[in-house]
There are 2 protein chains.
Amino acid sequence: VSTLQEIGEKAAVERLRPFLDPHPLLKTGAGDDCAVTAASETFDFVFTTDPLTEGVHFHSGTPPAKIGHKAAARVLSDMAAMGAEPLFLLFNLSAPKTLEMKAAELLYAAAAALCRRFGAAIIGGDLAQGPVLELHGFGVGRVPCGTALLRSGAQPGDQLYVTGPLGGSLSSGRHLDFLPRIEVGRTLRESGKVSAMMDLSDGLAADLPRLCEASGAGAVLHAGRIPLNPGCTLENALHDGEDFELLFTATKLDPMAIDFPVYEIGTVTGKAGCLELITPDGQRSSLKKGGFEHFRHRNR
Amino acid sequence: VSTLQEIGEKAAVERLRPFLDPHPLLKTGAGDDCAVTAASETFDFVFTTDPLTEGVHFHSGTPPAKIGHKAAARVLSDMAAMGAEPLFLLFNLSAPKTLEMKAAELLYAAAAALCRRFGAAIIGGDLAQGPVLELHGFGVGRVPCGTALLRSGAQPGDQLYVTGPLGGSLSSGRHLDFLPRIEVGRTLRESGKVSAMMDLSDGLAADLPRLCEASGAGAVLHAGRIPLNPGCTLENALHDGEDFELLFTATKLDPMAIDFPVYEIGTVTGKAGCLELITPDGQRSSLKKGGFEHFRHRNR
């Protein structure tokens, strides 16, 4: 008998994948930040879910407005990763009966405010009793038919980019007030130059292998080009997680033609599964995979 | 300072309602079993969420397959209540790290099997650590444009119906293996005779007032006509909850023209908020509102 702790999140997700079924309206397989489905002759709809749990994704005592903001921001970030326009969010709130009503209101107000900023609306949800505070967000967005950016499109020779500096999200508290990259995601989709995209939630060293695996590709990372947040080292950028910047691959992208900062950090190769790191002094090493995994870490 | 326990679920939901926003694609206000949104020139999409929490919606030790079945069935039941065709479900699973992988698989297998039965597919979700087992289901369905059945359409003079016997769902274990009324919901929508519909989740005495309030109507219930499950009394039918039969109002419905059993249990009146119960011996009394409410009950 194996427990989730013994198996770890990644392998557990793989073992649950057979229960995801095909559907005539479903346009993608599992594993992207959102599922993409046909909705009309003009638009595909994208769907995503994100849990946010006290003691796992935030500490007890975190201000309710920050919890609500983070819950909405995580869902919106999944839509940004597809280049989608967010439309609707629904939230399930599980809470102990001792939760103050005012805290629930502050939490929803912050989530609603962030949604409004991007033209999206909270349109439903449910309220139920539970042992700790848990927010489960469900997001609906749309893209013009066939234009959603997936993890699987990276081609050898593409450049590898991130949309902002990495590392230190948890220690700085940035994970509680980050802004999802909705506009830059959409701009990148509309550029027509992007071959694959995802958001960085578990750290570059955990997420880049996922993009490469989905694309049947490898990558070479230039350590000296990875933008770092203040006080952060390469290790932080690779392993901290919760950056919620976008990681994408593109060919012939003119960074000056994009109204947002993007950082070229490496190259996609044809060597499937081979992830290399080149230090500024030219030394090559294998990228040690890692980053956050549920059920294996004490916190989060 | 007021807690959720002091306020109760119903009032708490009212206080969170201001954070639900309008949206150009949203076709309904809050309060129905699903939110209805424009998707194409042919179909509206409906969206719903449902939490299922250990110690609240099921006891610890409940077989995983029953938990998975119930989680999917509750989401599907919300879609049945709109007369919708279910398309997609996404599930967030929160679980302690000591959960056996096999239990997670049994849980998803049961949910997937129920979805398949109605032509729907699980297409995504997330897995995270949490203190107890929680399943949060997100459902997407569709109806031909403008045909979703809402709670707000009941008219004075309409008859009031339920789709099956009520009471004893928790004590019998029926709440763990009920079948959502997808086909009958769809048949009722297609009949064109139904003015309002919802599913019975908190008990007739809690849910009928909601339908009446949404419709600005009242109702007279004939106690002797309410179909009862074996061993159940009128009290069970009114207050137990979790029946997951459909409650609907219709005019000139020919029950013989519907391929499913339906039970006429009363009449809609123009006296807004006035809910009366007539016993078989002709005595009239006010219907005592009640039924399950989160944060106010010890269990569930």
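Look above for the structure.
Residues numbered from 1 in each chain as written. Chains lettered and ligands numbered in written order. Predicted model: local features only at pLDDT ≥ 70, side-chain atom pairs only at ≥ 80, totals over all residues. Heavy atoms only, no water.

**Student:** What am I meant to see in the relation of the copies chain B and chain A here?
**Tutor:** For these two chain copies, the linking operation is a rotation about an axis paired with a shift along it. Expressed as a screw operation, the relation of chain B to chain A combines 0.0 Å of axial shift with a rotation of 180°, fitting to an RMSD of 0.0 Å. Interpreted geometrically, this transformation is the action of a two-fold axis. Proximity to the rotation axis, assessed at the C-alpha, singles out B:Ser40 in chain B; its C-alpha lies 2.4 Å from the axis. Taken together, the interface assignments show that 99% of the residues at the interface of chain B recur at the interface of chain A, consistent with an identical surface on both copies. (Least-squares fit on C-alpha atoms with pLDDT ≥ 70 in both. Contact = heavy atoms within 4.5 Å.)

**Student:** Explain the environment of B:Leu25 to me, please; I cannot follow it from the model alone.
**Tutor:** As for its placement among the helices and strands, B:Leu25 is situated in the loop between α2 (9–16) and β1 (35–38). When the C-alpha atoms of B:Leu25 and B:Ile123 are compared, they prove to be 23 Å apart, with 98 residues separating the residues in sequence. With near-sequence residues (within four places) excluded, B:Leu25 lies in contact with A:Leu87, A:Phe88, A:Arg142, B:Val36, B:Thr37 and B:Ala38. (Helix = DSSP H or I, 4+ residues; strand = E, 2+ residues; numbered from the N terminus.)

**Student:** Would you explain helix α2 (residues 9–16) of chain A in this entry?
**Tutor:** Each α-helix winds once per 3.6 residues, and so residues spaced three or four apart point in a common direction. Every buried residue of α2(A) is listed here: A:Glu9, A:Ala12 and A:Leu16. Around the axis of α2(A), the buried residues are gathered within 65° of arc, so they sit on the same side. Tucked into the core, α2(A) has its buried residues touching α1 (4–7) of chain A together with α4 (101–117) and β4 (121–129) of chain B. (Buried < 20%, exposed > 50% of the residue type's maximum accessible area, 1.4 Å probe, protein only. Arc of directions from axis to C-beta.)

**Student:** Even after reading the chapter, I still don't get the packing of helix α4 (residues 101–117) of chain A against α2(B), so can you show me in this structure?
**Tutor:** For any two helices packed against each other, the geometry comes down to the angle between their axes and how far apart the axes lie. In the contact formed by α4(A) and α2(B), the axes pass within 10 Å of each other and the chain directions differ by 35°. Note that α4(A) runs across α2(B); the crossing there is right-handed. Judged by residue contacts, A:Met101, A:Ala104, A:Glu105 and A:Tyr108 of α4(A) engage B:Ala12, B:Arg15 and B:Leu16 from α2(B). Residue composition of the contact of α4(A) with α2(B), grouped by class: five nonpolar, no polar and two charged. (Axes fitted to C-alpha atoms, helices over the stretch in contact; angles between N-to-C directions. Left-handed = near helix turned anticlockwise from the far one by under 90°. Nonpolar A, V, L, I, M, F, W, Y, C, P; charged D, E, K, R; others polar.)

**Student:** Is there a simple way to think about the interface of chain B and chain A in this case?
**Tutor:** It is common to give the size of an interface as the accessible area that goes away when the parts come together. Taken together, the 73 residues of chain B in the interface contact 73 residues of chain A. Approximately 6,500 Å² of surface area, both sides summed, lies buried where chain B meets chain A, with 67% of it carried by carbon and sulfur atoms. Counting across the chain B and chain A interface gives four salt bridges. Between B:Arg116 and A:Asp21 there is a salt bridge, and its shortest N-O distance comes to 2.7 Å. (Buried area = accessible area lost by both parts, 1.4 Å probe. Salt bridge = Lys/Arg side-chain N within 4 Å of Asp/Glu carboxyl O.)

**Student:** Is there a simple way to think about the pairing of strand β7 (residues 194–199) of chain A in this case?
**Tutor:** Taken residue by residue, a regular strand's side chains alternate between the two faces of the sheet. Residues and elements named next belong to chain A. Burial analysis of β7 places five of its six residues in the buried class, the great majority of the element. As paired elements, β7 and strand β9 (residues 246–250) share five bridges and run antiparallel to each other. Note that in β9 the partner of Met197 across the bridge is Phe248. (Pairing = 2+ DSSP bridges.)

**Student:** What am I meant to see in the packing of aromatic side chains here?
**Tutor:** What characterises a pair of aromatic rings is the spacing of the ring centres plus the angle enclosed by the ring planes. Scanning the model with the defined rule gives 13 aromatic pairs over all chains in all. Measuring from centroid to centroid gives 5.9 Å for A:Phe88 and B:Phe47, while their planes differ by 50°, and the two rings are tilted. In this pair, A:Phe88 is assigned in strand β3 (residues 85–95) and B:Phe47 in strand β2 (residues 43–53), connecting two distinct chains. A relative accessible area of 0% means that A:Phe88 is categorised as buried. (Phe/Tyr/Trp six-rings, centres within 6.5 Å; stacked < 30°, edge-to-face > 60°.)

**Student:** Would you mind going over the pattern of salt bridges with me for this structure?
**Tutor:** Where charged atoms from two side chains of opposite charge come close, those side chains can pair. Residue and element names in this part refer to chain A. With the rule as written, the count across this model stands at 30 salt bridges over all chains. Residue Arg151 pairs with Asp33 through a salt bridge whose shortest N-O separation is 3.2 Å. Residue Arg151 is found in the loop between β5 (134–144) and β6 (159–162), and its partner Asp33 is found in the loop between α2 and β1 (35–38); the two are separated by 118 residues along the sequence. When its relative accessible area of 12% is taken as the criterion, Arg151 is described as buried.

**Student:** For this particular structure, what's the right way to read helix α7 (residues 204–215) of chain B?
**Tutor:** All names here are of chain B. Compared with an ideal rise of 1.5 Å per residue, which puts 12 residues at 16 Å, α7 spans 16 Å between its outermost C-alpha atoms and is within 8% of the ideal. The element α7 is extensively covered by neighbouring structure, given that nine of its 12 residues are classed as buried. When α7 is considered as a whole, its buried residues turn out to be Leu204, Ala205, Ala206, Asp207, Leu208, Pro209, Leu211, Cys212 and Ser215. Gly216 sits one or two positions beyond α7 and adopts a positive phi of about 60°. (Expected span 1.5 Å × (residues − 1).)

**Student:** How should I be thinking about the pairing of strand β10 (residues 263–269) of chain B in this particular structure?
**Tutor:** Residue and element names in this part refer to chain B. Relative to β10, strand β6 (residues 159–162) runs antiparallel, the two being bridged by four bridges. Looking across to β10, one finds that Gln159 is bridged to Thr267. As judged from the four bridges shared by strand β8 (residues 218–222) and β10, these two strands associate in the antiparallel manner. Paired with Gly218 across the strands is Thr269, a residue of β10.

**Student:** Any chance you could explain the sheet that holds strand β2 (residues 43–53) of chain A here in plain terms?
**Tutor:** The pairing of strands in a sheet comes from backbone hydrogen bonds and takes either a parallel or an antiparallel form. Residues and elements named next belong to chain A. Within the open sheet, the five strands sit side by side as β1-β2-β5-β3-β4. Their pairing is mixed. Strands at the two margins of the open sheet, each flanked by one partner only, are β1 and β4 (121–129). The sheet shows a mean angle of 20° between the axes of neighbouring strands, direction not considered. Here β2 pairs with β5 via 11 bridges, running antiparallel. Counted as the bridge partner of Val46 is Gly141 from β5.

**Student:** Quick question: what am I supposed to make of the environment of A:Leu179 here?
**Tutor:** By the secondary structure assignment, A:Leu179 is in the loop between α5 (169–172) and α6 (182–191). Separated by 88 residues in sequence, A:Leu179 and A:Thr267 place their C-alpha atoms 27 Å apart.

**Student:** When you look at the environment of A:Thr48 in this model, what are you seeing that I'm missing?
**Tutor:** Topologically, A:Thr48 is positioned in strand β2. Residue classification places A:Thr48 among the buried residues on the basis of a relative accessible area of 3%. With 93 residues separating them in the primary sequence, A:Thr48 and A:Gly141 have C-alpha atoms 8.8 Å apart. In contact with A:Thr48, other than residues within four places in its own chain, are A:Asp33, A:Cys34, A:Val75, A:Asp78, A:Met79, A:Gly137, A:Phe138, A:Gly139 and B:Leu90. Within the structure, the side chain of A:Thr48 is placed 3.1 Å from the backbone oxygen of A:Asp33, a separation counted as a polar contact. (Polar contact = N/O pair within 3.5 Å; in protein donor to acceptor, adjacent residues only side chain to side chain.)

**Student:** Sorry, what's going on with the sheet that holds β4(B) here?
**Tutor:** Residue and element names in this part refer to chain B. Here five strands make up an open sheet; going across it, the order is β1-β2-β5-β3-β4 and the pairing mixed. Every interior strand has two partners, whereas the edge strands, β1 and β4, have only one. When the angles between neighbouring strand axes are averaged without regard to direction, this sheet yields 20°. When β1 meets β2, the two strands line up antiparallel, connected through four bridges. Each residue of the ladder has a partner; that of Ala35, found in β2, is Phe47. Its contacts with the sheet place helix α3 (residues 64–80) against β2, β3 (85–95) and β5 (134–144), and it is angled at close to 145° to β2.

**Student:** I'm lost on the side chain of B:Asp50 in this one. Help?
**Tutor:** Within the element layout of this structure, B:Asp50 appears in strand β2. When its relative accessible area of 7% is taken as the criterion, B:Asp50 is described as buried. A distance of 3.1 Å separates a polar atom in the side chain of B:Asp50 from a polar atom in the side chain of B:Arg74. If we ignore the near neighbours within four places in the chain, the residues touching B:Asp50 are A:Asn92, A:Asp126, B:Arg74, B:Val75, B:Asp78, B:Leu135, B:His136 and B:Gly137.

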